[in-house]
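Each chain is listed here by its residues.
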Amino acid sequence: MVYFLGTMIDTGSIFSAFGRGFLLALEYWWVWLPVFLARTAYTQWLDYQKEKYLSSMKWTILEIIPPPEILYSSPKAAESFFGWLHSSYGGGIKWKDQMFGGKIPDWFSLEIVSNGGETHFYIRCTEGQRNSVEAALFSQYPQAEIRPVEDYTKLVPAEFDPANYDVAGNDFVCTQPPAYPIKSWQEFEDAGGKDEYARLDPLAPLLEIMSALQPGEHLWLQYVIRPTGGDWVKDGQKVVDKMVGREEKPAEPPFLARALSIPVSFLQFIFSILGLYTPAEEKKKEDKPFNLGALTPADKLVLEQIQMKLAKLAFKSTIRAVYIARKEVFNGARTASVTGMMKQLFANNLNTFKPGNGTGDKGKLAWMFPNGKGFMAAEKTLEKKKGMYSAYMKRAFSPPTGNPKDFPLILTTEELATLWHMPALNVKAPLLPRVQAKKGQPPSMLPTR
């Protein structure tokens, strides 16, 4: 016998109950063991098929050299390009293709890269998507040059080499639910004016800092995107309903509850005929009209921005920035330049980005240690650096941070165009290559012999 919170508990009966339960499970092993083994085998089979499918995928990396002059809004052209990329979404993967082929939805990686100060724009896609991607890019940037290149990540070791290199980086997360938009490129253009040369470009500060890198330094920014359907819109609509004071619709009960409700309703009907049951009168809920006049002008603007975002095509996204350099030239402050670019998109009542999973050096129980780093901080830091390094090389989607205050990235075509587009002529980064000569197609009637 033991006492817990003033209550006497018979420990002998508790252990006896556990023992009986264990013996009962052993006796009826033939019921649960096949189910457990079947579920395990199914999971292993799906993982095997997925790995087989991934290993069979053939990738290509396209470098996009910006044209010498962009006479129209470059982000607007990029928004049209991202709209085309969304066409690869086919409504989800069928069960048969997933079960027997391991197929997963296609994804793309858009990257802004600086190696020793020389800046490049890349798109990584499958071989099957290459021609379509090139056509979509040429339709928006007809004077750009697009060419397949070797993977630039081969400039550094395939696996992190802590003896000669150091790395710093972050995966970015959102500070608000995905329904809240970020500050878009249109606000930058409105701030700069109608003159093409006076327009502001959110990429300009980043490209300037990338051009200032020294030999042996590598600063890479990666957007891994996958088209998504309208599932996220349902959660976004809940945000709208909450803002306008509209009552949230109750969730649909699970299948088992719906199945059990049928015989229960039938019995209630029989008992009501026999006079043994009287159904309670249901009170009809009157829909309360919401009053938009009660919202402040700032709230109305936020509501409008959210509804505009919910109406656009969207991508599940990962934003990852890494800085890799030899130890003798390593400067950990370089990654702050990417964070600084993200800060341009900050608005108190809208969404913005913040570092999520990164290469920080704090271990467990850091608050208990005088140095503020925690237990086994060096080992934890090395583990994080290896994980960040590997995730970039694989162009992998970010895992959840585990913090309920962090939100995943759902970015629309407009938001992606703000973050990745061809820089306009007003961006004067010195080591940003541009096409040096205009190219054209040969005449259709040109003789071939």
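Refer to the preceding data block for the structure.
Since we're looking at a predicted model, the values are computed, not measured. Within every chain, residues take consecutive numbers counted from 1 along the sequence as written. Predicted model: local features are reported for residues with pLDDT of at least 70 only, side-chain atom pairs are reported and counted for 80 or more only, and whole-chain, interface and lining totals are derived from all residues. Based on all heavy atoms of the structure, the side-chain values leave hydrogens and waters out of the count.

(A) View of the pairing of strand E9 (residues 314-326). Each residue is placed in one exposure class: buried if its accessible area under a 1.4 Å probe, protein chains only, is under 20% of its type's maximum, exposed if it is over 50%, and partly exposed if it falls in between. Working definition: helices are DSSP H or I runs of at least four residues, strands are E runs of at least two. Numbering for both runs from the N terminus. Of all 13 residues in E9, 11 are buried; the element is thus mostly enclosed. Between any two strands, at least two bridges found by DSSP are needed for them to pair. Across eight bridges, strand E7 (residues 165-174) lies against E9 in antiparallel orientation. Paired with Asn 170 across the bridge in E9 is Ala 321. As paired strands, E9 and strand E11 (residues 409-412) are joined by four bridges and run antiparallel to one another. Its bridge partner lying in E11, Lys 316 is registered against Ile 410.

(B) Examining the pattern of salt bridges more closely. Salt-bridge detection follows one rule: a side-chain nitrogen of Lys or Arg within 4 Å of a carboxyl oxygen of Asp or Glu. Considering all chains together, one arrives at 14 salt bridges under this definition. In this structure, the salt-bridge partner of Glu 63 is Arg 147, at a minimum N-O distance of 3.3 Å. Here Glu 63 is found in strand E3 (residues 59-65), whereas its partner Arg 147 is found in strand E6 (residues 145-149), with 84 residues between them in sequence. For Arg 147, a relative accessible area of 36% puts it in the partly exposed group. The salt bridge involving Lys 309 is made with Glu 415; its shortest N-O contact spans 3.3 Å. Note that Lys 309 is positioned in helix H10 (residues 297-310) and Glu 415 in helix H13 (residues 413-419), a separation of 106 residues in sequence. Here Lys 309 and Glu 415 have matching classes, each one buried.

(C) Seen up close, the packing of helix H8 (residues 231-244) against H10. The axes are straight lines fitted to the C-alpha atoms, using for helices just the contacting stretch, and the angles between their N-to-C directions are given from 0 to 180°. Close contact between H8 and H10 brings their axes to 10 Å; oriented N to C, the two are set at 160°. It follows that H8 is roughly antiparallel to H10 by the angle criterion. Where H8 crosses over H10, the two elements pack in a sense that is left-handed. Between H8 and H10, the contacting residues are Trp 232, Val 233, Gly 236, Gln 237, Val 239, Val 240, Met 243 and Val 244 on the first element and Asp 299, Val 302, Leu 303, Ile 306, Gln 307, Lys 309 and Leu 310 on the second. For this classification, the nonpolar set comprises Ala, Val, Leu, Ile, Met, Phe, Trp, Tyr, Cys and Pro, the charged set comprises Asp, Glu, Lys and Arg, and every other residue, Gly included, is treated as polar. Taken together, the residues of the contact of H8 with H10 break down into 10 nonpolar, three polar and two charged. In this scheme, roughly parallel covers angles under 35 degrees and roughly antiparallel covers those over 145, while 65 to 115 is roughly perpendicular and the rest are oblique. Put simply, a crossing is left-handed when the front helix is turned counterclockwise from the back one by less than a right angle, and right-handed when it is turned clockwise. Contacts are assigned to residue pairs with any non-hydrogen atoms lying within 4.5 Å of each other.

(D) Region of the structure containing helix H7 (residues 204-211). Residues Leu 206, Leu 207, Met 210 and Ser 211 constitute the buried set of H7. The arc that holds every buried residue of H7, seen down its axis, measures 135°, which confines them to one face. The elements touched by buried residues of H7 are strand E4 (108-115), strand E5 (118-126), strand E8 (217-228) and helix H11 (336-343). By definition, the arc is the one covered by directions from the helix axis to the C-beta atoms.

(E) Representation of a nonpolar patch on the surface within the structure. Residues enter patches when their relative accessible area tops 30% and they take part in no salt bridge; the joining distance is 9 Å for like charges and 5 Å for the nonpolar side chains Val, Leu, Ile, Met, Phe, Trp and Tyr. The protein chains shown are the only cover counted for residues, whose accessible areas, like all others here, come from Shrake-Rupley with a 1.4 Å probe. The grouping of Leu 24, Tyr 28, Trp 29, Trp 30, Val 31, Trp 32, Phe 36 and Leu 37 at the surface amounts to a nonpolar patch, some 900 Å² of accessible area in total. Looking at the nonpolar patch, the element that brings in the most residues is helix H2 (residues 29-56), giving six residues. In this fold, Phe 36 is placed in helix H2.

(F) Up close: unusual backbone geometry. Of note in the backbone geometry, Arg 395 takes a positive phi value of approximately 55° without being a glycine. Structurally, Arg 395 is set in the loop between helix H12 (377-394) and E11. You can call Arg 395 buried: its relative accessible area is 2%.

(G) Representation of the side chain of Thr 318 in the model. Counting through the fold element by element, Thr 318 comes out in strand E9. Reaching out from Thr 318, the side chain makes a polar contact with the backbone nitrogen of Ser 398 at a distance of 3.0 Å. Between N or O atoms, a polar contact is any pair within 3.5 Å; within protein, one atom must be a potential hydrogen donor and the other a potential acceptor, and residues adjacent in sequence are included only when both atoms are from side chains.

(H) Inspection of the environment of Ala 325 at higher detail. Mapping Ala 325 onto the fold places it in strand E9. Sequence spacing of Ala 325 and Glu 217 is 108 residues, and the spatial spacing of their C-alpha atoms is 4.5 Å. With near-sequence residues (within four places) excluded, Ala 325 lies in contact with Asn 164, Tyr 165, Asp 166, Gly 216, Glu 217 and Phe 330.

(I) Looking closely at the packing of helix H3 (residues 74-85) against helix H5 (residues 130-140). Packing of H3 against H5 brings their axes to within 9 Å, and their N-to-C directions diverge by 155°. Classed by the angle they form, the pair H3 and H5 counts as roughly antiparallel. For the pair H3 and H5, the sense of crossing is right-handed. Note on element contacts: H5 touches H3 through Ser 132, Val 133, Ala 136, Leu 137 and Gln 140, opposite Ala 77, Ser 80, Phe 81, Trp 84 and Leu 85. Split into classes, the residues belonging to the contact of H3 with H5 amount to seven nonpolar, three polar and no charged.

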